[in-house]
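Structural overview for review
Chain residues, written in single-letter form:
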Amino acid sequence: MRNLSDREVRTITAIAEVLVPQDGPFPYGYKDVDITGFIEDFLSHTPFRVKWFVYLNLWIFEYFSWIALMSPGIFSRMKFEKRKKIILAFRKNKYFAIRGIYLFTSIVLLMAFYNDEKVMDSIGYYGYKDGVNKIK
Amino acid sequence: MIVDSSALATDFHETADAVVVGSGAGGAPMAFALASAGMKVYLIEEGKQYDISGFKRNSWKVMRDMYRDSGTVLTLGVPSIPLPLGNALGGTTIINSGTCFRTPENVLSQWKKQSGLTGLEYSRLIPHFETVEKMLGISDATEETVGANNILFAEGAKKLGLHPKPLPRNAPGCKGAGLCVFGCPNGAKQSMEKSFIPAASQKGAAVITSARVEKILIENKKAKSVSGSFRDGNKNKRGIFRIDAPVIILSCGAIYTPYLLLKNKLANSSGQAGKNLHIHPAAKVVGLFKDKINSWSGIPQGYYVDDYAHEGIMFEGFFLPPTFLSFALPAFGMDLKKYMAGYCKMAGFGIMVTDTSRGKVTVGIDNAPMVFYSVNRADTEKIKKGIEIASRVYFAAGAEKILVPLLGFDEITSPEELKILHEAEIKPSQLELSAFHPMGTCRMGDNPKQSVVNSYLETHDVKGLYIADASVFPSSLGVNPQVTIMALSLWCAENIIKK
Ligand SMILES: Cc1cc2nc3c(=O)[nH]c(=O)nc-3n(C[C@H](O)[C@H](O)[C@H](O)COP(=O)(O)OP(=O)(O)OC[C@H]3O[C@@H](n4cnc5c(N)ncnc54)[C@H](O)[C@@H]3O)c2cc1C
Ligand code: SF4
């Protein structure tokens, strides 16, 4: 059963583009990793209250995150730079509850990205690759 | 005999001499000791039994399956703090770092002063420490296995006149795979499912997994039975059980034991069940270096520095696979990618404080507890001081930059910048912390008005109902708690057997 609606997938992609952009010092970004698939798996293994929290966070991002800049808009339709400013404002917010929304959402998305095999290879992490102990 | 309840065809109703609920640091030694004394014992565990010998780098899958709520347990308060708990055969010990300290003697003296604790002398615990140390093969981490991460910090610490030491650990065949908190794929770490549980089973204890105790029945103020439900792979209910026993030991950990008492409205005439929560708040400091260190290779928690332990500040090594280190760093987007590109040039050390802040556990929604905890000013000061010291150590070791978990001070590029941090007043809301040691929520003491259990860990209110886990600590311990929990559990078992 699918846990995420199309709207939630759009919000996730819009956040992922800011958290793990395509360019940069190693050749992978949000387009190369199945972030939505990871979150689907995450949601099928978490209790109702955690799922509910994920949905709430995505909903707040999509419809109310503009409040951080006082410039109305739907998150997934905003330009990259505006989304980046909003996420920064959430991360540095003096209210812990708002930072908590960033924290929880970023934990799930960053885990999804950095848990990927090719991403781990590209940054030089080889511990237990293919079930074989690569430790000297 | 270890049986997964999903293999049981029918509901069951059994009788026993004792039933132990929870198979972590408290429950497993208890089941072993009682079974060794010839008692008919059931050890009931909500989580499953896992075999991770086929582990393939996917640490997320381990967290998803073995950590409670896939590792998403958080405290509510300022700041909100991730508080991971194990939910598998072996409890939190299967996902812990393997560090093993005896209870500091001065802490036990302070507990006695504060709470009485008739009969509980340090000398009475020594044979139990010895049993634990033998059973778990505890010895100091060796230089060959600690890895460059710990060596680097130790070098910096020595330059500042500090005294780094190898940590005592329960992993005799350790190969330095760096995955202790993901279950140790080498099978070296002697967590409960590798040590006390098979030993208990050999002595005749019946171990039942995927079974959650929900009700505790009492008759005439005496323990009578526990009942609950079996869970399938998705943790859905699929059958019920009941075990009658005159001795019931709760070892569900410092969050779930008080939850069970509160839910059953039991053993709480003192009003203390669920209160006095301590967690040893912990902060991670990351040093960025010019050359490769490969901190992921080697024991993550291999060395410690206790020069400031008298002030309640301990330093212990840490490192994590990229999956988890990524979100512990104070950045996102391109900045985070730049840091992560230098993953192999990072080093990490943790600061853990003996907290005076107190939280509480209450009954929440969705069959789960709620955990409230806010860091007070005094603990904030300790954490700040710890961060400053760890940062100085890293600069002394040659770090180019330091990443600190303090909002507003994310990246420190020189020792001079540390002076700004030193002068600054840090608020609890600026801290970005984690915690791994919940304790104190059913504290022991002689006075039934101020404590939940007596010094033999029997509840003041219900005869035959015992608590043997981290919840009985009267205050924050100051060192990693598993050996204290195990020794207290064996002490409790000794007194049950004598009775
Ligand atoms: C990442 C991490 C690293 C750590 N590293 C160290 C370390 O290096 N050294 C150290 O000393 N400590 C460490 N700790 C802490 C240590 O592991 C715990 O303090 C200790 O395991 C707690 O023991 P306990 O018996 O209180 O609870 P637990 O070990 O958590 O056991 C409780 C068990 O009860 C089960 N349970 C709960 N409710 C029910 C129910 N209703 N029915 C049936 N079963 C139930 C749970 O599933 C669980 O298995 C670490 C913790 C973490 C999270
Ligand atoms: S460092 Fe590796 S081998 Fe050693 S205990 Fe941890 S996971 Fe096991």
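Structure: see above.
Here's a quick rundown of the structure.

Criteria and cut-off values
- Residues numbered from 1 in each chain as written.
- Chains lettered and ligands numbered in written order.
- Predicted model: local features only at pLDDT ≥ 70, side-chain atom pairs only at ≥ 80, totals over all residues.
- Heavy atoms only, no water.
- Helix = DSSP H or I, 4+ residues; strand = E, 2+ residues; numbered from the N terminus.
- Buried < 20%, exposed > 50% of the residue type's maximum accessible area, 1.4 Å probe, protein only.
- Areas by Shrake-Rupley, 256 points an atom, 1.4 Å probe, with all protein chains shown as cover.
- Near = heavy atom within 4 Å.
- Nonpolar A, V, L, I, M, F, W, Y, C, P; charged D, E, K, R; others polar.
- Pairing = 2+ DSSP bridges.
- Axes fitted to C-alpha atoms, helices over the stretch in contact; angles between N-to-C directions.
- Contact = heavy atoms within 4.5 Å.
- Parallel < 35°, antiparallel > 145°, perpendicular 65-115°, else oblique.
- Left-handed = near helix turned anticlockwise from the far one by under 90°.
- Buried area = accessible area lost by both parts, 1.4 Å probe.
- Salt bridge = Lys/Arg side-chain N within 4 Å of Asp/Glu carboxyl O.
- Polar contact = N/O pair within 3.5 Å; in protein donor to acceptor, adjacent residues only side chain to side chain.
- Phe/Tyr/Trp six-rings, centres within 6.5 Å; stacked < 30°, edge-to-face > 60°.
- Lys NZ or Arg CZ within 6 Å of the ring centre and 35° of its normal.

**Looking at the overall build of chain A**
Helix and strand counts for chain A stand at 6 helices and 0 strands. When its helices and strands are written in sequence order, chain A yields α-α-α-α-α-α. By its C-alpha atoms, chain A is 55 × 35 × 30 Å across when sized along the principal axes. A burial count over chain A gives 49% of its 136 residues as buried. Carbon and sulfur atoms make up 60% of the accessible area of chain A, which amounts to about 6,400 Å² in all.

**Let's talk about the site of ligand 2**
Residues in contact with ligand 2, as listed here, are Arg169(B), Ala171(B), Cys174(B), Lys175(B), Gly176(B), Ala177(B), Gly178(B), Leu179(B), Cys180(B), Cys184(B), Asn186(B) and Ile299(B). A class-by-class count of the residues in the shell around ligand 2 yields 7 nonpolar, 3 polar and 2 charged.

**Quick notes on the sheet that holds strand 4 (residues 41-44) of chain B**
Residue and element names in this part refer to chain B. Read from one edge to the other, the open sheet built from 6 strands follows the order 1-8-4-3-12-21, with strand pairing classed as parallel. Two strands in the sheet have a free side with no partner beyond their single neighbour: strand 1 (2-4) and strand 21 (465-467). Taking each pair of neighbouring strands and ignoring which way they run, the sheet shows an average axis angle of 20 degrees. Inspection of the sheet shows strand 1 paired to strand 8 (residues 206-209) by 3 bridges, in the parallel sense. By the bridge assignment for strand 8, Asp 4 is matched with Thr 209. Strand contacts of helix 1 (residues 27-36): strand 3 (18-21), strand 4 and strand 12 (247-250), with the helix running at about 165 degrees to strand 4, the strand carrying the most contacts.

**A few points about the packing of helix 1 of chain B against helix 12 (residues 482-498) of chain B**
The geometry of a pair of packed helices is captured by two quantities: the angle between their axes and the separation between those axes. Residue and element names in this part refer to chain B. Their axes nearest at 8 Å, the elements helix 1 and helix 12 cross at an angle of 30 degrees. Accordingly, the angle class assigned to the pair helix 1 and helix 12 is roughly parallel. Classified by chirality, the crossing of helix 12 by helix 1 is right-handed. Residue-level inspection shows Pro 29, Met 30, Ala 33 and Leu 34 of helix 1 in contact with helix 12, the latter providing Met 486, Ser 489, Leu 490, Cys 492, Ala 493, Ile 496 and Ile 497.

**Regarding the interface of chain A and chain B**
Listed by partner, the interface residues are 49 residues for chain A and 51 residues for chain B. Of the roughly 4,500 Å² buried between chain A and chain B, counting both surfaces, carbon and sulfur atoms make up 63%. By the criterion of area lost to chain B, the three top residues of chain A are Arg49(A), Tyr125(A) and Tyr128(A), representing 17% of everything that side buries. At the junction of chain A and chain B, the tally comes to 5 salt bridges. For Asp410(B), the salt bridge goes to Lys92(A), with nearest N and O atoms at 3.3 Å. At the junction of chain A with chain B, the criterion picks out 15 residue pairs in polar contact (both at pLDDT 80 or more). Counting residues per element, the ones that place at least two in the side of chain A that touches chain B are helix 1 (6-19), helix 2 (35-44), helix 3 (48-64), helix 4 (80-91), helix 5 (96-114) and helix 6 (117-122) of chain A.

**Focus: the packing of aromatic side chains**
To describe a pair of aromatic rings, one takes the distance between the centres and the angle between the planes. In this structure the tally under the stated criterion is 30 aromatic pairs over all chains. Centroid distance Phe324(B) to Phe327(B): 6.1 Å. Interplanar angle 85 degrees. Geometry classified as edge-to-face. Take Phe327(B): its relative accessible area is 27%, and that puts it in the partly exposed class. Each member of the aromatic cluster is reached from another via a ring pair, and the members are Tyr125(A), Trp296(B), Phe318(B), Phe319(B) and Tyr343(B). The residue whose ring lies beneath Arg68(B) is Tyr256(B), and the NZ or CZ to ring-centre distance is 3.6 Å.

**Examining the environment of Asp51(B)**
Residue and element names in this part refer to chain B. Here Asp 51 is to be found in the loop between strand 4 and helix 2 (59-66). The class for Asp 51 is exposed, based on a relative accessible area of 63%. Residues Asp 51 and Glu 193 lie 142 residues apart in sequence; the distance between their C-alpha atoms is 10.0 Å.

**Considering the site of ligand 1**
All names here are of chain B. For ligand 1, the set of nearby residues contains 39 residues, the closest of which are Gly 26, Glu 45, Thr 92, Thr 99 and Gln 482. The separation between an oxygen atom of ligand 1 and a polar main-chain atom of Gly 98 is 3.2 Å. Between a nitrogen atom of ligand 1 and a main-chain N or O atom of Thr 99, the distance comes to 2.8 Å. When isolated, ligand 1 has an accessible area of 1,000 Å², and the protein chains bury 96% of it. Broken down by secondary-structure element, the contributors of at least two residues to the shell around ligand 1 are strand 9 (211-219), helix 7 (253-263) and helix 12. Among the elements that make up the shell around ligand 1, the one with the highest residue count is strand 9 (3 residues). Looking at the shell around ligand 1, its residues break down into 15 nonpolar, 19 polar and 5 charged.

**Section: the side chain of Asn96(B)**
All names here are of chain B. Tracing the sequence through the fold places Asn 96 in the loop between helix 2 and helix 3 (105-115). Since its relative accessible area comes to 15%, Asn 96 is described here as buried. Apart from the residues within four sequence positions on either side, Asn 96 is in contact with Cys 180, Val 181, Lys 189 and Gln 482.

**Examining the pairing of strand 8 of chain B**
All names here are of chain B. Burial of strand 8 is two-sided: the residues Ala 206 and Ile 208 facing one way and the residues Val 207 and Thr 209 facing the other way are all buried. Pairing of strand 4 with strand 8, which is carried by 3 bridges, proceeds in the parallel orientation. Bridging from a neighbouring strand, Leu 43 pairs with Val 207 of strand 8.

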